[in-house]
Amino acid sequence: MSDNKKNVDLNKVSYNFGTKGWTVIGFEIVMLFFMTGITVDGLNTIVPMMAEYHGWNPDVLLSISTPASIIALFACVLWAAFIEKAGLKKTTIITMVLAGISMIAYGNSVNIAMYAVSLVCIVTFINAFACNCGFAICANWFPTKKGIVMGITTIGMNLASALINWILSGLSGQFQISGAISILGGVVILLAILLGIFVKATPEEAGCYPDNDPEIAAIIKAEEEGVKEMEKVSYAGALKNKYVWIFGLGAGFFGLATVGIMSQLVSYFMAARGYELTGALSMLTIAAVIGMIGSWAWGIVDQKLGHQLLARSVVARNQHARVGRSHLFDQLLHMLDTDRGPDDLGRGAGSLGDNPRRVSRARRGTLFTRRGFDCGTVLAFILHSRADRAE
């Protein structure tokens, strides 16, 4: 470890990211909003409204999400190659535009086959720009502040839980569900244009320092000089790396649980608890608002303790609160350094839904380093395939 690194507090909580740094954070918040809003929480509104509008079976539409996402995840594995070939920023913009076009096609589907194909495209492109590309950009800009930055950016997921169904319902009242989704697709395309103007893939390209800190910049420069001649990680090499599978399977299993819950929560409240639509949406909004606070707070704790110590403490806190958890799953939690999150709905929106993914994503940024974050992120979503939304 260099003397410079010894003199820098890498666990310091700081919000001095500069105007351009905060711009990057703002864009990632919005990108995660659309990812979660369209592919997870928005299904509470999209599926029943699309079914009613076209006279389709809602159970069939919901079941399409599983094979569509499984197909899409194989495409997601290829994004690291596209990033390597075309560059991180260009890949981000292209996938955002393609996601917007796919959303417009999705909203205007004339049959179930078109619905299924467009859904595959949406999941593929929206995960690409929000996760594969967005988190790689954040890793470039905030190499030692990933904890606090991930706590802030994942607020976008909670914002989606709080607002997306209200937005879709409001727009559908004026333009039908087809128009509502098309409008949001247009917003994503506009967002791509704005990102092309205001965001750079690395702080150096924008004339800034990583973490907005010249001391951090000097440390990173010295470290990257030392590994410049190292062989690049190939797909074959990544697939042989046990940590890729630990993080990929771990994040995937958490995704299976959280996505399955959040995509059907409104219908559950209405069918099982007797809520009206407005009441069910209000419950989701309240939970999401609590989750925003939780996401930010966990980011602070993560930054102070470090990803591994935080995750182990969260696991330990919940270890005696649940029964029936298998020894294998316990070991996976410890290896992944993350947690399922509390059972409470409010804390669940921030911790069950976001904390495991936020901690594990930040942890991957540490493992695969600043420049290799895109490869680690791509393979880490192997099982996060939005599987089985059917009850």
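A closer look at the overall build of the chain
- When its secondary structure is counted, the chain shows 19 helices and zero strands.
- Sequence separation of at least 24 residues holds for 80% of the intrachain contacts in the chain that already meet a minimum separation of 6.
- By element, 65% of the accessible surface of the chain is carried by carbon and sulfur atoms, the whole surface being about 16,700 Å².

Here we look at helix α5 (residues 79–86)
- The complete set of buried residues in α5 reads Trp 79, Ala 80 and Ile 83. Along the axis of α5, the buried positions cluster into a sector of 105°, meaning they face one direction only. Opposite the packed face of α5, turned more than 90 degrees from it, sit the exposed residues Glu 84 and Lys 85.
- Remark: Gly 87 follows α5 within two positions and exhibits a positive phi of approximately 100°.

Points about a nonpolar patch on the surface
- On the surface, Leu 190, Ile 193, Leu 194, Ile 197 and Phe 198 cluster together to form a nonpolar patch covering roughly 500 Å² of accessible area.
- By secondary structure assignment, the location of Ile 193 is in helix α9 (residues 155–198).

Quick word on the packing of aromatic side chains
- Tallying each qualifying case throughout the model produces eight aromatic pairs.
- Seen in terms of ring centroids, Phe 17 and Trp 22 are 5.4 Å apart; in terms of plane orientation they differ by 65°. Their pairing is edge-to-face.
- Under the relative-accessibility criterion, Phe 17 is labelled buried at 4%.
- Assessed through its relative accessible area of 35%, Trp 22 is described here as partly exposed.
- Taken together, a centroid distance of 6.3 Å and an interplanar angle of 80° make the contact between Trp 56 and Tyr 115 edge-to-face. Remark: Tyr 115 occurs in helix α7 (residues 112–141) and Trp 56 occurs in the loop between α3 (43–54) and α4 (58–76); sequence separation between them is 59 residues.
- Among the residues examined, Trp 56 registers a relative accessible area of 14% and is labelled buried.
- What links up through ring pairs into an aromatic cluster is the set Phe 17, Trp 22, Trp 141 and Phe 142.

What about the side chain of Asn 140?
- Looking at where Asn 140 falls in the secondary structure, it is placed in helix α7.
- Judged by its relative accessible area of 6%, Asn 140 falls in the buried class.
- Looking at Asn 140, its side chain comes within polar contact range of the main-chain oxygen of Ala 201, at 3.2 Å.

What about α7?
- For α7, with 30 residues, the first-to-last C-alpha span of 42 Å sits near the 44 Å given by 1.5 Å per residue.
- Across the 30 residues that make up α7, a large majority, 24, are buried.
- Two to three positions downstream of the cap, the backbone nitrogen of Ala 113 sits 3.3 Å from a side-chain oxygen, assigning the N-cap of α7 to Asn 111.

Re the packing of α4 against α7
- One can describe the packing of α4 onto α7 by two numbers: an axis separation of 8 Å at closest approach and a directional angle of 45°. The angle between α4 and α7 places the two elements in the oblique class. For the crossing formed where α4 meets α7, the hand is right-handed. Counting all contacts with α4, which are made through Val 60, Leu 61, Ile 64, Ser 65, Ala 68, Ser 69, Ile 71, Ala 72, Ala 75 and Cys 76, the residues of α7 involved are Ile 112, Tyr 115, Ala 116, Leu 119, Val 120, Val 123, Thr 124, Asn 127 and Asn 132.
- Taken together, the residues that form the contact of α4 with α7 break down as 14 nonpolar, five polar and no charged.

Regarding unusual backbone geometry
- Of note, the phi angle at Gln 176 is positive, near 65°, even though the residue is not glycine.
- In this structure, Gln 176 sits in helix α9.
- Of the residues examined, Gln 176 reaches a relative accessible area of 43% and is grouped as partly exposed.
- Even without a glycine there, the phi angle at Asp 211 is positive, about 60°.
- Mapped onto the elements, Asp 211 comes out in the loop between α9 and α10 (214–226).

Focus on the confidence of the model for the chain
- Mean pLDDT over the chain: 74, with 69% of residues reaching 70 or higher.
- Looking at the elements of the chain, mean pLDDT is at its lowest for helix α17 (residues 345–352), recorded as 34, and at its highest for helix α6 (residues 88–107), recorded as 96.
- The low-confidence segment residues 312–391, where pLDDT is below 50, has 226 contacts with residues more than four positions distant or belonging to other chains.

Each value, and the rule that gives it
Each chain carries its own residue numbering, running from 1 in the written order of its sequence. Where totals are concerned, whole chains, interfaces and linings use all residues; where local detail is concerned, this predicted model gives features only for residues with pLDDT of at least 70, and gives and counts side-chain atom pairs only at 80 or more. The basis for every side-chain value is the complete set of non-hydrogen atoms in the structure, without hydrogens or water. Working definition: helices are DSSP H or I runs of at least four residues, strands are E runs of at least two. Numbering for both runs from the N terminus. Residues are treated as being in contact if the distance between any of their heavy atoms lies within 4.5 Å. In these tables, accessible area is a Shrake-Rupley quantity obtained with a 1.4 Å probe, and a residue counts as shielded only by the protein chains included in the view. Burial status follows relative accessibility: with a 1.4 Å probe on protein chains alone, a residue under 20% of its type maximum counts as buried, one over 50% as exposed, and anything between as partly exposed. What the arc describes is the spread of directions from the helix axis to the C-beta atoms. To count toward a patch, a residue needs a relative accessible area above 30% and no salt bridge. Like charges then connect within 9 Å, nonpolar side chains (Val, Leu, Ile, Met, Phe, Trp, Tyr) within 5 Å. Salt bridge, as used here, is a side-chain nitrogen of Lys or Arg placed within 4 Å of a carboxyl oxygen of Asp or Glu. Each Phe, Tyr or Trp ring (for Trp, its six-membered ring) is paired with any other whose centre lies within 6.5 Å, and the angle between the two planes then decides the class: stacked below 30 degrees, edge-to-face above 60, tilted in between. Definition of a polar contact: a pair of N or O atoms within 3.5 Å, with one able to donate and the other able to accept a hydrogen when the atoms are protein atoms, and with sequence-neighbouring residues admitted only if both atoms are side-chain atoms. Expected span, for any helix, means 1.5 Å times one less than how many residues it has. All axes are obtained by fitting lines to C-alpha atoms, using only the stretch in contact for helices, and the reported angles, taken between N-to-C directions, cover 0 to 180 degrees. An angle counts as roughly parallel when it lies under 35 degrees, as roughly antiparallel when it exceeds 145, as roughly perpendicular when it falls between 65 and 115, and as oblique in every other case. Crossing handedness is defined as follows: a turn of the near helix away from the far one that is anticlockwise and smaller than a right angle gives a left-handed crossing, while the clockwise case is right-handed. Side-chain classes are defined by residue name, with Ala, Val, Leu, Ile, Met, Phe, Trp, Tyr, Cys and Pro counting as nonpolar, Asp, Glu, Lys and Arg as charged, and the others, Gly among them, as polar. Values of pLDDT, which run from 0 to 100, indicate the predictor's confidence residue by residue.

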